Structure formats: structure tokens, C-alpha cells
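# Structural overview for review
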Amino acid sequence: MDDADLLRSLDIDPAQLDPAPPRAPRQSAGLERLDGAHPCVRCGKPARATGVVDVPGHGRRWLDRCMLCLIATTPRGGPRAPLADTVAVLREAAREAGAALSIVADES
């Protein structure tokens, strides 16, 4: 998931996020942001984690989240298996169970 996808999944307009500094001083600036004055973009509670997203047309922006929202919105797991492999496993499981199966997939 890229930064633009993450913001879409959170239903956040990147224009509403505070601009972030260039790459070099980001770490110290991020620590300064966690003073309780910035709300979580998802639930509005005080942010306890911050990061930078880089969205085309909007540049680098701060993404402030509370810990619960950070955990809930952080992609997990390693590399995903190719879609064809996943579909093959599902088809085999359905065959073994004697179940009819129709798979509709968006490969984008």
C-alpha cells in the first residue's frame, strides 16, 4: 500500500494534513509534534505517533495517529502471494469441501 492508498483507506484529504519538512530534519521535528497538541487524523484523540506521507500533488505531509489507530491502519505481514496462487488455494479448498465457488477479483 502506498501513501496515497493509505490516505484513501483512511478517507483523508492530503490537503488537510500539515506540510512536513524535507527529509533531513524529519526525525527531530516528529518528536516535537508528539506534544499532545496534534489530533489523530482518524479519531481525533491526541496523536502519539507521527509519520510522513508523500502524496503526488501535495508533497510531504504529516500523518498523526493515536496508538490504537496506528495499529489498526498499519499494513501487516510479509509479501503477498500472487493473486493466481491465492485463487488456486481457494479453488482447491472449495473442491475438497464439495462447495460451489465463484471468485471475482480486482487485480489492480
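Here, residues in each chain are numbered from 1, in the same order as that chain's written sequence. A pLDDT threshold of at least 70 governs which residues receive local features in this predicted model, and a stricter bar of 80 or more applies before side-chain atom pairs are shown or counted, although totals over entire chains, interfaces and linings include all residues. To obtain the side-chain values, all non-hydrogen atoms of the structure were used and water was disregarded.

## Some points on the nonpolar core
Residue types Ala, Val, Leu, Ile, Met, Phe, Trp, Tyr and Cys, when buried and joined through side-chain atoms within 4.5 Å, form a set referred to as a nonpolar core. Exposure categories follow from relative accessible area, calculated using a 1.4 Å probe and restricted to protein chains: below 20% of the type maximum is buried, above 50% is exposed, and the middle band is partly exposed. Ranked by size, the top nonpolar core spans nine residues in total: A4, L6, L7, L10, I12, L17, V53, V55 and L63. Secondary structure elements follow DSSP: runs of H or I no shorter than four residues count as helices, runs of E no shorter than two count as strands, and numbering proceeds from the N terminus. If you list the elements that add at least two residues to this core, you get helix 1 (3–10) and strand 1 (49–55). By residue number, the principal contributor to this core is helix 1, which donates four residues. Contacts: residue pairs with any heavy atoms within 4.5 Å of one another. The contacts of V55, once residues within four sequence positions are left out, are D3, A4, L7 and P14.

## Quick notes on the environment of I12
Along the polypeptide, I12 turns up in the loop between helix 1 and helix 2 (26–33). Between the C-alpha atoms of I12 and R42, which are 30 residues apart in sequence, the distance is 8.3 Å. For I12, the contacting residues outside a window of four places in its chain are L7, L17, V41 and L63.

## With respect to the pairing of strand 2 (residues 59–65)
Looking along a regular strand, one sees the side chains alternate between the two faces of the sheet. With respect to burial, strand 2 is a largely interior element, six of its seven residues being buried. Alignment of strand 1 against strand 2, held across seven bridges, turns out to be antiparallel. Counted as the bridge partner of T50 is D64 from strand 2. The antiparallel hairpin formed by strand 1 and strand 2 contains three residues in its connecting segment, where G57 sits at a positive phi of about 85°. Here the rule is simple: two strands pair whenever DSSP picks up at least two bridges between them.

## A word on the side chain of T73
Its place among the elements puts T73 in helix 3 (residues 67–73). Whenever a nitrogen or oxygen atom comes within 3.5 Å of another N or O atom, the pair is scored as a polar contact, on the condition that within protein one atom can donate a hydrogen and the other can accept it, and that pairs from neighbouring residues in sequence are kept only if both atoms are in side chains. A distance of 2.5 Å separates the side chain of T73 from the side chain of R65, its partner in a polar contact. Engagement of the side chain of T73 in a polar contact is seen with the backbone oxygen of C69, the distance being 2.6 Å. Apart from the residues lying within four places of it in its own chain, the contact partners of T73 are L6, L10, R42 and R65.

## Description of unusual backbone geometry
Its identity is not glycine, yet D11 carries a phi of approximately 60°, on the positive side. Here D11 lies in the loop between helix 1 and helix 2. According to the relative accessible area criterion, D11 is exposed, its value standing at 71%.

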